[in-house]
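These are the residues of each chain, in order.
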Amino acid sequence: MSQAIYPGSFDPPTCGHLDIIERASKCFGLLKVAVFENVQKTPMFTTEERVSMLKDACAHLANVRVESYSGLLIDYCRANNTKIVVKGLRAVSDFDYEFKMALMNKKLAPEVETVFMITSLKYLYLSSSLVKEVAYYGGCIKGLVPSSVENMIFDRVRAKEQ
Ligand code: PNS
(Lines give C-alpha, C1' and ligand atoms only; values in the text may rest on other atoms or scores of the structure.)
Protein backbone atom coordinates (compact mmCIF):
# COMPACT_ATOMS: atom_id res chain seq x y z
CA MET A 1 0.00 0.00 0.00
CA SER A 2 1.40 3.44 -0.93
CA GLN A 3 2.06 5.60 2.08
CA ALA A 4 2.89 9.29 2.54
CA ILE A 5 3.55 11.69 5.38
CA TYR A 6 2.11 15.20 5.56
CA PRO A 7 4.19 16.98 8.23
CA GLY A 8 3.71 20.40 9.73
CA SER A 9 3.37 22.58 12.78
CA PHE A 10 -0.44 22.84 12.50
CA ASP A 11 -0.59 25.53 15.19
CA PRO A 12 -3.54 25.56 14.63
CA PRO A 13 -4.70 23.37 11.73
CA THR A 14 -6.49 25.46 9.11
CA CYS A 15 -9.00 24.67 6.37
CA GLY A 16 -6.05 24.98 3.99
CA HIS A 17 -4.30 22.11 5.77
CA LEU A 18 -7.50 20.08 5.73
CA ASP A 19 -7.91 20.71 2.00
CA ILE A 20 -4.41 19.33 1.36
CA ILE A 21 -5.11 16.34 3.65
CA GLU A 22 -8.37 15.53 1.86
CA ARG A 23 -6.77 15.77 -1.58
CA ALA A 24 -3.59 13.89 -0.60
CA SER A 25 -5.64 11.13 1.06
CA LYS A 26 -7.06 10.37 -2.40
CA CYS A 27 -3.55 9.90 -3.82
CA PHE A 28 -2.13 7.44 -1.29
CA GLY A 29 -3.31 4.27 0.41
CA LEU A 30 -2.35 5.70 3.79
CA LEU A 31 -1.64 9.32 4.70
CA LYS A 32 0.04 10.05 8.01
CA VAL A 33 -0.48 13.60 9.20
CA ALA A 34 2.52 14.30 11.43
CA VAL A 35 2.53 17.12 13.96
CA PHE A 36 6.03 18.38 14.65
CA GLU A 37 6.84 18.79 18.33
CA ASN A 38 9.18 21.76 18.12
CA VAL A 39 11.03 22.14 21.41
CA GLN A 40 12.53 25.43 20.21
CA LYS A 41 9.18 27.21 19.87
CA THR A 42 6.28 27.89 22.21
CA PRO A 43 3.17 27.11 20.17
CA MET A 44 -0.36 28.30 20.94
CA PHE A 45 -1.44 24.66 21.29
CA THR A 46 0.41 21.70 22.79
CA THR A 47 1.36 18.82 20.55
CA GLU A 48 -1.38 16.69 22.10
CA GLU A 49 -3.97 19.42 21.44
CA ARG A 50 -2.89 19.77 17.82
CA VAL A 51 -3.00 16.00 17.30
CA SER A 52 -6.45 15.89 18.86
CA MET A 53 -7.74 18.81 16.72
CA LEU A 54 -6.48 17.08 13.57
CA LYS A 55 -7.95 13.73 14.59
CA ASP A 56 -11.35 15.40 14.98
CA ALA A 57 -11.05 17.23 11.68
CA CYS A 58 -9.96 14.08 9.81
CA ALA A 59 -12.43 11.69 11.42
CA HIS A 60 -14.27 11.31 8.09
CA LEU A 61 -11.11 10.17 6.26
CA ALA A 62 -10.63 6.43 6.75
CA ASN A 63 -7.06 6.27 5.42
CA VAL A 64 -5.67 9.21 7.43
CA ARG A 65 -3.77 8.75 10.70
CA VAL A 66 -2.59 11.58 12.90
CA GLU A 67 0.62 11.28 14.91
CA SER A 68 3.35 13.51 16.27
CA TYR A 69 7.10 13.43 15.86
CA SER A 70 10.13 15.16 17.27
CA GLY A 71 13.60 15.36 15.76
CA LEU A 72 14.34 15.16 12.08
CA LEU A 73 11.52 14.55 9.63
CA ILE A 74 13.64 12.11 7.64
CA ASP A 75 14.19 10.00 10.77
CA TYR A 76 10.43 9.88 11.26
CA CYS A 77 10.03 8.89 7.58
CA ARG A 78 12.59 6.12 7.96
CA ALA A 79 11.06 4.86 11.20
CA ASN A 80 7.71 4.68 9.38
CA ASN A 81 9.17 3.17 6.25
CA THR A 82 7.76 6.03 4.19
CA LYS A 83 9.49 7.56 1.19
CA ILE A 84 7.03 10.31 0.28
CA VAL A 85 6.57 13.63 2.07
CA VAL A 86 3.64 15.82 1.00
CA LYS A 87 3.86 19.58 1.47
CA GLY A 88 1.36 22.26 0.51
CA LEU A 89 2.48 25.27 -1.53
CA ARG A 90 0.67 28.58 -1.45
CA ALA A 91 2.31 31.70 -2.75
CA VAL A 92 5.75 32.12 -4.29
CA SER A 93 6.84 33.20 -0.80
CA ASP A 94 6.49 29.59 0.42
CA PHE A 95 8.67 28.35 -2.35
CA ASP A 96 12.07 29.50 -1.10
CA TYR A 97 11.59 27.94 2.34
CA GLU A 98 10.02 24.73 1.04
CA PHE A 99 12.61 24.37 -1.73
CA LYS A 100 15.49 24.59 0.75
CA MET A 101 13.83 22.18 3.16
CA ALA A 102 13.13 19.67 0.40
CA LEU A 103 16.74 19.88 -0.80
CA MET A 104 18.14 19.50 2.71
CA ASN A 105 15.92 16.49 3.29
CA LYS A 106 17.08 15.08 -0.06
CA LYS A 107 20.69 15.54 1.00
CA LEU A 108 20.02 13.80 4.33
CA ALA A 109 17.82 11.05 2.92
CA PRO A 110 18.12 10.63 -0.88
CA GLU A 111 15.46 7.93 -0.86
CA VAL A 112 12.77 10.34 0.41
CA GLU A 113 10.86 12.40 -2.17
CA THR A 114 9.03 15.64 -1.35
CA VAL A 115 5.85 16.06 -3.36
CA PHE A 116 4.26 19.52 -3.52
CA MET A 117 0.53 20.01 -3.74
CA ILE A 118 -0.63 23.45 -4.82
CA THR A 119 -3.15 25.07 -2.52
CA SER A 120 -6.74 25.50 -3.62
CA LEU A 121 -7.24 29.07 -4.80
CA LYS A 122 -9.66 29.89 -1.97
CA TYR A 123 -6.99 29.19 0.64
CA LEU A 124 -4.14 31.01 -1.06
CA TYR A 125 -3.92 33.70 1.63
CA LEU A 126 -4.53 31.43 4.61
CA SER A 127 -1.92 30.63 7.26
CA SER A 128 -1.96 29.53 10.90
CA SER A 129 -0.19 32.71 11.98
CA LEU A 130 -2.69 34.98 10.20
CA VAL A 131 -5.59 33.07 11.76
CA LYS A 132 -4.07 33.59 15.22
CA GLU A 133 -3.57 37.28 14.54
CA VAL A 134 -7.14 37.79 13.31
CA ALA A 135 -8.50 35.90 16.35
CA TYR A 136 -6.27 37.88 18.70
CA TYR A 137 -7.84 41.13 17.51
CA GLY A 138 -11.35 39.69 17.64
CA GLY A 139 -11.89 39.15 13.91
CA CYS A 140 -14.00 36.43 12.34
CA ILE A 141 -12.19 33.16 11.61
CA LYS A 142 -15.26 31.22 10.47
CA GLY A 143 -14.44 29.10 7.43
CA LEU A 144 -10.71 29.52 7.98
CA VAL A 145 -10.27 26.69 10.49
CA PRO A 146 -12.28 23.51 11.11
CA SER A 147 -15.34 24.52 13.17
CA SER A 148 -14.22 22.43 16.16
CA VAL A 149 -10.99 24.45 16.28
CA GLU A 150 -12.62 27.90 16.16
CA ASN A 151 -13.66 28.11 19.81
CA MET A 152 -10.40 26.58 21.02
CA ILE A 153 -8.51 29.46 19.42
CA PHE A 154 -10.71 32.12 21.01
CA ASP A 155 -10.47 30.34 24.40
CA ARG A 156 -6.69 30.36 24.14
CA VAL A 157 -6.63 34.04 23.11
CA ARG A 158 -8.84 34.96 26.08
CA ALA A 159 -6.70 32.88 28.46
CA LYS A 160 -3.60 34.73 27.25
CA GLU A 161 -5.22 38.08 27.95
CA GLN A 162 -5.92 37.22 31.61
O1 PNS B 1 4.08 23.77 9.07
P2 PNS B 1 5.54 24.07 8.95
O3 PNS B 1 6.03 24.84 10.15
O4 PNS B 1 5.89 24.72 7.65
O5 PNS B 1 6.29 22.65 8.96
C6 PNS B 1 7.69 22.57 8.95
C7 PNS B 1 8.13 21.18 9.39
C8 PNS B 1 7.62 20.89 10.78
C9 PNS B 1 7.59 20.15 8.42
C10 PNS B 1 9.68 21.14 9.35
O11 PNS B 1 10.19 22.23 10.06
C12 PNS B 1 10.23 19.85 9.96
O13 PNS B 1 10.01 18.77 9.47
N14 PNS B 1 10.97 19.98 11.04
C15 PNS B 1 11.51 18.82 11.72
C16 PNS B 1 13.02 18.98 11.91
C17 PNS B 1 13.72 18.76 10.60
O18 PNS B 1 13.63 17.70 9.99
N19 PNS B 1 14.44 19.78 10.16
C20 PNS B 1 15.18 19.76 8.92
C21 PNS B 1 14.28 20.14 7.76
S22 PNS B 1 15.26 20.55 6.42
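This text follows the structure it describes.
Throughout what follows, the structure given in this document is the object of discussion. These figures come from a predicted structure and were not determined experimentally.

Observations regarding the overall build of the protein
Piece 1. Along its length, the protein carries 6 helices and 5 strands.
Piece 2. Helices (α) and strands (β) of the protein occur, in sequence order from the N terminus, as β-α-β-α-β-α-β-α-β-α-α.
Piece 3. The C-alpha radius of gyration of the protein comes to 16 Å, within 12% of the 15 Å expected for a compact globule of 162 residues.
Piece 4. Evaluated residue by residue, the protein yields a buried proportion of 46% over its 162 residues.
Piece 5. Pairs at least 24 apart in sequence give 75% of the contacts found in the protein among residues at least 6 apart.
Piece 6. A distance of 4 Å separates the average location of the 20 positive side-chain charges in the protein from that of its 18 negative side-chain charges.

Digging into the pattern of salt bridges
Piece 1. This structure, assessed with the given rule, holds 10 salt bridges.
Piece 2. Two residues, Glu113 and Lys106, come together in a salt bridge whose shortest N-O distance is 3.0 Å.
Piece 3. A relative accessible area of 29% means that Lys106 is categorised as partly exposed.

Side note on the layout of surface pockets
Piece 1. Here the largest pocket is characterised by a volume of approximately 1200 Å³.
Piece 2. Lining of the largest pocket is provided by 43 residues; of these, Gly8, Ser9, Lys87, Tyr97 and Glu98 occupy positions nearest its centre.
Piece 3. For the lining of the largest pocket, the element with the highest residue contribution is helix H4 (residues 92–108), accounting for 9 residues.
Piece 4. Its residues assigned to classes, the lining of the largest pocket shows 19 nonpolar, 16 polar and 8 charged.

Re the pairing of strand E2 (residues 30–36)
Piece 1. In terms of burial, E2 is a largely internal element, 6 of the 7 residues being buried.
Piece 2. Where strand E1 (residues 3–8) lies against E2, 6 bridges are found, and the strand directions are parallel. Within E2, the position partnered with Pro7 by the bridge is Ala34.
Piece 3. Between E1 and its parallel partner E2, the chain crosses via helix H1 (residues 15–25), and the hand of that crossover is right-handed.

Describing the site of the ligand
Piece 1. Within the structure, the ligand sits among 13 residues, and Ser9, Tyr69, Gly71, Leu72 and Leu73 are positioned closest to it.
Piece 2. Leu73 is positioned with one of its backbone polar atoms (N or O) 2.8 Å from an oxygen atom of the ligand.
Piece 3. For the ligand, whose unbound accessible area comes to 550 Å², protein coverage reaches 77%.
Piece 4. Placement of the ligand is best described as lying within the largest pocket.
Piece 5. Every element with two or more residues in the shell around the ligand is listed here: E1 and H4.

With respect to the side chain of Thr119
Piece 1. By secondary structure assignment, the location of Thr119 is in the loop between strand E5 (113–118) and helix H5 (128–136).
Piece 2. Those residues within four positions of Thr119 in sequence are excluded, and the remaining contacts are Ile20, Arg23, Leu89, Arg90 and Leu124.

Remarks on unusual backbone geometry
Piece 1. Look at the link from Asp11 to Pro12: it is a cis peptide, with omega at 0 degrees.
Piece 2. Mapped onto the fold, Pro12 is located in the loop between E1 and H1.
Piece 3. The residue Phe10 is not glycine, and still its phi comes out positive at about 50 degrees.
Piece 4. Along the chain, Phe10 turns up in the loop between E1 and H1.
Piece 5. For Asn81, which is not a glycine, the phi torsion comes out positive at approximately 55 degrees.

Analysis parameters
Residues numbered from 1 in each chain as written. Predicted model: local features only at pLDDT ≥ 70, side-chain atom pairs only at ≥ 80, totals over all residues. Heavy atoms only, no water. Helix = DSSP H or I, 4+ residues; strand = E, 2+ residues; numbered from the N terminus. Rg over C-alpha atoms; globule rule 2.2 N^0.38 Å. Buried < 20%, exposed > 50% of the residue type's maximum accessible area, 1.4 Å probe, protein only. Contact = heavy atoms within 4.5 Å. Lys, Arg positive; Asp, Glu negative; His and termini not counted. Charge placed at Lys NZ, Arg CZ, Asp CG, Glu CD. Salt bridge = Lys/Arg side-chain N within 4 Å of Asp/Glu carboxyl O. 1 Å grid on protein atoms, 1.4 Å probe; cavity = no way out; pocket = protein on both sides within 12 Å on 5 of 7 lines; lining within 4 Å. Points joined across faces, edges and corners; volume = space filled by probe spheres on them. Nonpolar A, V, L, I, M, F, W, Y, C, P; charged D, E, K, R; others polar. Pairing = 2+ DSSP bridges. Right-handed = clockwise from strand over helix to strand, strands pointing away. Near = heavy atom within 4 Å. Polar contact = N/O pair within 3.5 Å; in protein donor to acceptor, adjacent residues only side chain to side chain. Areas by Shrake-Rupley, 256 points an atom, 1.4 Å probe, with all protein chains shown as cover. Sits in = over half its atoms within 2 Å of the grid points.

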